[in-house]
Amino acid sequence: MLTKEKQAPELLEETKPITGAEALIMGLLEEGVDTIFGYPGGAIMPIYDALYDYREKLNHVLVRHEQGGIHAGQGYARSSGKVGVVFATSGPGATNLITGLADALIDSTPLVCITGQVFAHLLGTDAFQEADVISITTPVTKWNHQVTDASEICDTLAKAFHIARSGRPGPVLIDITKNAQLQKFDFKGYTCCDHIRSYRPKPIVRKEYIEQAADLINQAQKPFVLWGQGVILGAAEKEFKAFIEKTGIPAAWTIMGAGALPSDHPQNVGMLGMHGNYGPNVMTNECDVLIAIGMRFDDRVTGRLDKYAKQAKVIHLDIDPSEISKNVTATVPVWGDCKETLPLLTALVEEKKHTEWLEKFNEYEQKEVEAVIQDELFPASGELTMGEVIQQLNELTQGEAIIVTDVGQHQMVACRYAKLNHTRSNITSGGLGTMGFALPAAIGAKFGAQDRTVVAVIGDGGFQMTLQELGTIMQSGVDVKILILNNQFLGMVRQWQELFHERRYSFVDITSPNFVTVASGYGIAGRSISERDDLKGALEQMLNHKGSFLLEVMVTKENNVFPMVPQGCSVSEIRLK
Amino acid sequence: MTDQKPVEKQEYNITVYTENQVGLLNRIAIIFSRRKLNIESFNSSPSEIEGIHRFNIVIHETEEVVRKIAGQIEKQVEVLKVYYHTNEDVIWQEMALYKVPTDVIAEKAVVERLLRENGARAVVIRKDYTVFETTGHREETDNLIKVLQPFGLIEFVRSARIAIIKDSEGFNRKLREFEKKEPGHEVVENEFLNNRDKVFTM
């Protein structure tokens, strides 16, 4: 039997018989995993048994629900740039991962989820806690695989990590039957995978397209850059900044791309989309060349496609060829990792300053400040607004914090107004819009970036979806600042009901418990405020508190998030009120 | 890339080369079903290279939709290559089997003549029934059903379409080079399924 405590995998003899479960742990160590989020159960017990011997090397965070586990894995991956690892047992344990898998797939988050499965001979018999996990997770994973023999575990795990982290990242799932976990086999070491014959993570960069793109950019009078998370996933922030600064082109971001260029960069003209800034949305329909970098023209960004940037020639840089011309037809497709394509493009473009064009964005910004931003961020009287809470948070954190948001009005407000100096500072559920995401994701984000302040900005509705993860905070001692913006409504639904359903507030009036008391039950300090005079002090108290802290801010009940592109409208029909 | 694509729907033949992997069929089928696209015909079989499978999928759609679908299929990890072609660009066949009462065939010369005219070939001749097969395009195999119906057609079945791309060197050479350089792995099957009674359960 292998002596496991503190023994490095490379010291193992060549053909030591070990169990599949032990081989899995060896593989995780070889892949550089340091943190696992999970919840044990009968069908994954052999893996947890093996993990027990390596608990000094592998930090296992016991969550309170598998959904919390996978969102924590997402937060970890997004803040650290590494692969998030999640354990769950068979049946209900595995099915509780589905929301997180779908979320991670649409937001291109690298995850390796390991689920236990019933014994292989019981597959298909409706055995206790059996679910057809492979079939269920197929539409929401980049790849999945079931292992029924211990000897398959190492190759499968290596393949899983390679697929999860390479190309356009995404979640993968390995379902391991219990017999495979228990079975002993001759372990010959673990080899990481860097190649799969039927998998091409990156398309080949075609220089003629780079040249065509550079020509278009050089001829453009009113070029406009839209960037998305591809810049962050490709670790191409420097290359992106160099491109932007050489070309002098104004650039706007999707919420998944926030932070790749600092908020206060002079060419950063704001957020795109349904609740984005006024200028970037309107100017999309005025530019002559649209340069989309690592973004996928989501419907929340484009509004009505038949009225979207029809006047513009479109250059689309993306690592996923199937994204190019999927929603918006590209004039020039630039396939490839933007870490590689951007420097090639930068080398060919002329140095310019589009001063007049950039000034137009500033004019629109001024209009938006007067109509919306001033009142939202600096209200003279009345109840507290969500915007002023974020503004005060900005002043105190100076853009250095990681902001994790849930889904709803507060998300749009936080993403619009949060000041971000660094990349990987905005963690949100962009594509799927998963309420309940923020609290567990913030836990994961803190484990992934332990030297940074992590603030989870959450609505009163979303918080109640996964508040059981306060227990995870309590047990693990992780330091997460929880900022609940409580408007006593499911705010975004209410806003839509007000605007599009004649104020028929159908089941959006949500009653909440005393959040501070709930937090107190979990040993977490907290405070609730509703007065403007208390805001700064309360935020300071939260940020300076040693350990986690819950701050509930009662905000005005029926405040709407503007600007807004109503569904079915063109982006240039964005409403300021 | 700016050329206006025709918007008319027509039949497209999607050819997919894949690894021989459990679950991949489901992964490909989902790409169609989540977009509520009906598959007209779906054939999966081993290709000329061991371990590599070839799917022939027929759908009635616009080129725009088919191009996007092909892109989504090709990005699946275990898919090697995807092509799509109109009917004009491929040579395609379907096979049909017809079961008719043998006594009718034996007694009525007209049936025999009809079968001959339609290129049908006897596959099985029994006392009670005879099975014929034909291959051809849909309208050809359909035609024989209509002809045989009045003579007591007992059963009919038609295969999915298989198609060969006209204007192509074929994927054969590439596949062989591929396989030589990077041989595939055997699919691991669940060997425990037949041992249910012998294995301890918890």
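For the structure itself, consult the block above.
Throughout this document, residue positions are counted from 1 along each chain, in the order its sequence is written. Ligands are numbered from 1 and chains lettered from A, in the order in which they are written. Restriction of local features to residues with pLDDT of at least 70 applies here, the model being predicted, together with a cutoff of 80 or more for giving and counting side-chain atom pairs; totals for whole chains, interfaces and linings are based on all residues. The side-chain numbers reported here are obtained from all heavy atoms of the structure, hydrogens and water having been left aside.

A. Structural detail: the overall build of chain B. The numbering of helices and of strands both runs from the N terminus, where a helix is a DSSP run of H or I of at least 4 residues and a strand a run of E of at least 2. A count of helical and extended segments in chain B gives six helices and nine strands. Taking 202 residues into account, the globule formula puts the C-alpha radius of gyration at 17 Å, and chain B, at 22 Å, lies well above it. The dimensions of chain B, computed from C-alpha atoms along their principal axes, are 65 × 60 × 35 Å. A 1.4 Å probe rolled over the protein chains alone gives each residue an accessible area, and that area as a share of the maximum for its type sets the label: buried under 20%, exposed over 50%, partly exposed in between. Each of the 202 residues in chain B was classed as buried or not, and the buried ones make up 41%. The contact definition used throughout considers only heavy atoms, calling two residues in contact when any of these lie within 4.5 Å. Pairs at least 24 apart in sequence give 78% of the contacts found in chain B among residues at least 6 apart. Accessible area for chain B stands at about 12,300 Å²; split by element, carbon and sulfur atoms hold 50% of it. Charged residues are defined here as Lys and Arg on the positive side and Asp and Glu on the negative side; His and the ends of the chain fall outside this count. A single reference atom marks each charge: NZ on Lys, CZ on Arg, CG on Asp, CD on Glu. Averaging the locations of the 30 positively and 34 negatively charged side chains of chain B gives two centres separated by 2 Å. With C-alpha atoms as the basis for the radius of gyration, the globule rule is written as 2.2 Å multiplied by the number of residues raised to the power 0.38. We get accessible surface area from the Shrake-Rupley algorithm with a probe of 1.4 Å; when it comes to residues, only the shown protein chains can shield them.

B. Fine view of the nonpolar core. Residues and elements named next belong to chain A. Note on terminology: a nonpolar core comprises buried Ala, Val, Leu, Ile, Met, Phe, Trp, Tyr and Cys residues joined through side-chain atoms within 4.5 Å. Core analysis: the biggest nonpolar cluster contains 99 residues, and I293 and L483 have the highest contact counts within it. Ranked by the residues each element gives to this core, the list is headed by helix α15 (residues 355-377), at seven residues. With sequence-adjacent residues up to four places away left out, L483 is seen in contact with V389, L393, V455, A456, V457, I458, L539, M542, L551 and V553.

C. A look at the packing of aromatic side chains. Residue and element names in this part refer to chain A. In this analysis, rings of Phe, Tyr and Trp, with Trp reduced to its six-membered ring, are considered paired at centre separations within 6.5 Å, and the interplanar angle assigns stacked below 30 degrees, edge-to-face beyond 60, and tilted for intermediate values. As enumerated under the stated definition, the model contains 16 aromatic pairs over all chains in all. Here the aromatic rings of W357 and F361 are separated by 5.1 Å at their centres, their planes lie at 75°, and the arrangement is edge-to-face. Here the residue W357 and the residue F361 both occupy positions in helix α15, the gap between them amounting to four residues, near one helical turn. A relative accessible area of 4% places W357 in the buried class. Relative to Y505, the ring of F489 has its centre 5.6 Å away and its plane inclined at 70°; by these criteria the two rings are edge-to-face. Of this pair, F489 sits in the loop between β18 (481-486) and α21 (491-500) while Y505 sits in the loop between α21 and α22 (515-521), placing them 16 residues apart in sequence.

D. Layout of unusual backbone geometry. Looking along the chain, the bond that leaves A:F562 and enters A:P563 is cis, with omega of 0°. Relative to the helices and strands, A:P563 resides in the segment after β20 (549-554). Although it is not a glycine, B:K36 sits at a positive phi angle of roughly 55°. You can see B:K36 is positioned in the loop between α1 (24-33) and β2 (39-46).

E. Representation of the pattern of salt bridges in the model. Here, a salt bridge means any side-chain nitrogen of Lys or Arg that lies within 4 Å of a carboxyl oxygen of Asp or Glu. Tallying each qualifying case throughout the model produces 38 salt bridges over all chains. Between A:D306 and A:R304 there is a salt bridge; the shortest N-O distance is 2.7 Å. Looking at A:R304, the relative accessible area reads 32%, which means it is partly exposed. A salt bridge links A:K352 to A:E350; the nearest nitrogen and oxygen atoms lie 3.9 Å apart. Classification of A:E350 as partly exposed rests on a relative accessible area of 41%. A network of salt bridges, in which partner residues are shared, links A:R168, A:D320, A:E323, A:K326 and B:K75.

F. How the structure looks around the interface of chain B and chain A. At the interface, 36 residues of chain B touch 37 residues of chain A. Summing both partners gives a buried area of about 2,900 Å² for chain B against chain A, and 51% of it is carried by carbon and sulfur. At the junction of chain B with chain A, the criterion picks out three salt bridges. B:K75 is the salt-bridge partner of A:D320, the closest N and O atoms lying 2.6 Å from each other. The definition of a polar contact used here is a pair of N or O atoms within 3.5 Å, where within protein one atom must be able to donate a hydrogen and the other to accept one, and adjacent residues in sequence count solely through side-chain atom pairs. Summed over the shared surface of chain B and chain A, the result is ten residue pairs in polar contact (both at pLDDT 80 or more). Accessible area that two parts lose when put together, evaluated with a 1.4 Å probe and summed over both, is termed the buried area.

G. Layout of the sheet that holds strand β5 (residues 111-117) of chain A. Residues and elements named next belong to chain A. Strands qualify as paired when DSSP identifies two bridges or more between them. A sheet is described by the order of its strands in space; here six strands give the open sequence β3-β2-β4-β5-β7-β6, paired in parallel fashion. Strands at the two margins of the open sheet, each flanked by one partner only, are β3 (59-62) and β6 (143-147). For this sheet, the mean angle separating the axes of adjacent strands, direction not counted, is 20°. As paired strands, β6 and strand β7 (residues 171-177) are joined by five bridges and run parallel to one another. Looking at β7, one finds that Q146 is bridged to D175. Every axis corresponds to a line fitted to the C-alpha atoms, with the helix fit spanning only the stretch in contact, and the corresponding angles, defined between N-to-C directions, vary from 0 to 180 degrees.

H. Seen up close, helix α5 (residues 138-148) of chain B. Residues and elements named next belong to chain B. Within the span of α5, buried status applies to T141, L144, I145, V147 and L148. Looking straight down α5, one finds its buried side chains confined to an arc of 165°; they lie on one side. Facing away from the buried surface of α5 by more than 90 degrees, the exposed residues are E139 and K146. By construction, the arc corresponds to the directions joining the helix axis to the C-beta atoms.

It is worth stressing that arrangement in space is one thing and function is another; only the former is reported here.
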